[in-house]
Amino acid sequence: MDVEEVIDALYGLAPAGFTAERDAAAARAKREGDPAAAKRIRALRRPTLAAWTSNLLVREKPEEVEQFRQLGQALREAHRSLDGDQLRELSHEQHVVIGALAREAVRLAAEAGSPVSEAVVREVEQILRAVLADPEAAEAWASGRLAKPPAAVTEFPALDPDAAPPAPARKRPAARKPSDRREAAAARAAAQDAHWAATAREDERRLAEQAHRRAVEEAEHAAAAAAEAEERLRAAAHAAGEARRAAAAADQRLRATGANPSEDEPVTD
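Reading the values: the criteria
- Residues numbered from 1 in each chain as written.
- Predicted model: local features only at pLDDT ≥ 70, side-chain atom pairs only at ≥ 80, totals over all residues.
- Heavy atoms only, no water.
- Core = buried A, V, L, I, M, F, W, Y, C linked by side-chain atoms within 4.5 Å.
- Buried < 20%, exposed > 50% of the residue type's maximum accessible area, 1.4 Å probe, protein only.
- Helix = DSSP H or I, 4+ residues; strand = E, 2+ residues; numbered from the N terminus.
- Contact = heavy atoms within 4.5 Å.
- Phe/Tyr/Trp six-rings, centres within 6.5 Å; stacked < 30°, edge-to-face > 60°.
- Polar contact = N/O pair within 3.5 Å; in protein donor to acceptor, adjacent residues only side chain to side chain.
- Arc of directions from axis to C-beta.
- Axes fitted to C-alpha atoms, helices over the stretch in contact; angles between N-to-C directions.
- Parallel < 35°, antiparallel > 145°, perpendicular 65-115°, else oblique.
- Nonpolar A, V, L, I, M, F, W, Y, C, P; charged D, E, K, R; others polar.

Draft legend 1. Fine view of the nonpolar core. With 28 residues, the main nonpolar core has Phe68, Val124, Leu128 and Trp141 as its most contacted residues. Where this core is concerned, the elements lending two or more residues are helix H4 (49-60), helix H5 (62-81), helix H6 (84-111), helix H7 (118-133) and helix H8 (135-142). In contact with Val124, other than residues within four places in its own chain, are Ala50, Thr53, Ala102 and Ala105. With 14 residues, the next largest nonpolar core counts Val6, Leu10, Ala29 and Ala147 among its residues.

The structure is reproduced here in structure tokens:
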């Protein structure tokens, strides 16, 4: 049994089916004479809905995942070197990217048949923030095997003590240009922002097209139902007319019979 393959398959399942499949895989490993694999598989934790949604994003969008990890690396480097204005700009950009990725994860979950709530969306965003700030969280996330969101991260990690400290702001010449490193980090972050903004626009376009198709289908169904109802109404009106004519004919026959008795009928005194 390839344990890594089994684990990957398990964390690709929706949480509702995880436990039963995990236990079945552990039992299979035990039957095949691999107690170490059975123990490892049985120890796996069922993913939360937010972790599963995040894993789904990692599995379905590997290119975006790699780009997001690169953005995290660029932002961590920028945190050590950029000034306040640039950091504020990058902070805004990272919020745009996180929002776009979270929307994509939500769309994938809905397509997989497990739509998620707003609370789960917030947890997915928390995972993405941790991925940007923490290299270890980024590594765990990229594995596609998260069982629960990593610890919440409120800010980027402090400056590496082995790195050279940045020069105090008051000592910088007023007209000094950003270093090549800063420019590269800012450019990379801006490119990522543009990519995710384009992804968000594409998602919105797709959703609008789906809504339009649903509206057209509903209108067509409504028109067909109206035509069918109108046809039934015409048929009912025709049947009612036929019934009225038949009743009138019957009434006429009865009247004619009562007004002209038979001449052979005996007459009594």
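Here the narrative resumes.
Draft legend 2. The packing of aromatic side chains, seen in detail. This model, assessed by the stated rule, comprises two aromatic pairs. Both rings, one in Tyr11 and one in Phe18, keep their centres 5.2 Å apart while their planes meet at 45°; by these two values the pair is tilted. A single burial state applies to Tyr11 and to Phe18, both of which are buried.

Draft legend 3. Up close: the environment of Val116. Its place among the elements puts Val116 in the loop between H6 and H7. Spatially, the C-alpha atoms of Val116 and Ala105 are 9.6 Å apart, while their sequence positions differ by 11 residues. When neighbours within four sequence positions are excluded, Val116 is seen to be in contact with Leu49, Thr53, Val106, Ala109 and Val121.

Draft legend 4. Inspection of the side chain of Ser54 at higher detail. With respect to the helices and strands, Ser54 occurs in helix H4. According to the relative accessible area criterion, Ser54 is buried, its value standing at 1%. One polar contact links Ser54 to Trp141, side chain to side chain, over a distance of 2.7 Å. In this view, Ser54 contacts Ile127, Trp141 and Leu146; residues no more than four positions away in its chain are not counted.

Draft legend 5. Focus on H8. Looking only at H8, the buried set comprises Ala137, Ala138 and Trp141. Along the axis of H8, the buried residues cluster in a sector spanning 100°; they form a single face. The backbone nitrogen of Glu136 has a side-chain oxygen 3.0 Å away, supplied by the residue at the start of H8, namely Asp134. Phi for Gly144, located one or two positions after H8, is positive at around 75°.

Draft legend 6. Seen up close, the packing of helix H2 (residues 15-31) against helix H3 (residues 35-42). Close contact between H2 and H3 brings their axes to 7 Å; oriented N to C, the two are set at 170°. The orientation of H2 relative to H3 falls into the category roughly antiparallel. Across from Arg22, Asp23, Ala25, Ala26, Ala27, Ala29 and Lys30 in H2, the residues of H3 making contact are Ala37, Ala38, Ile41 and Arg42. A class-by-class count of the residues in the contact of H2 with H3 yields seven nonpolar, no polar and four charged.

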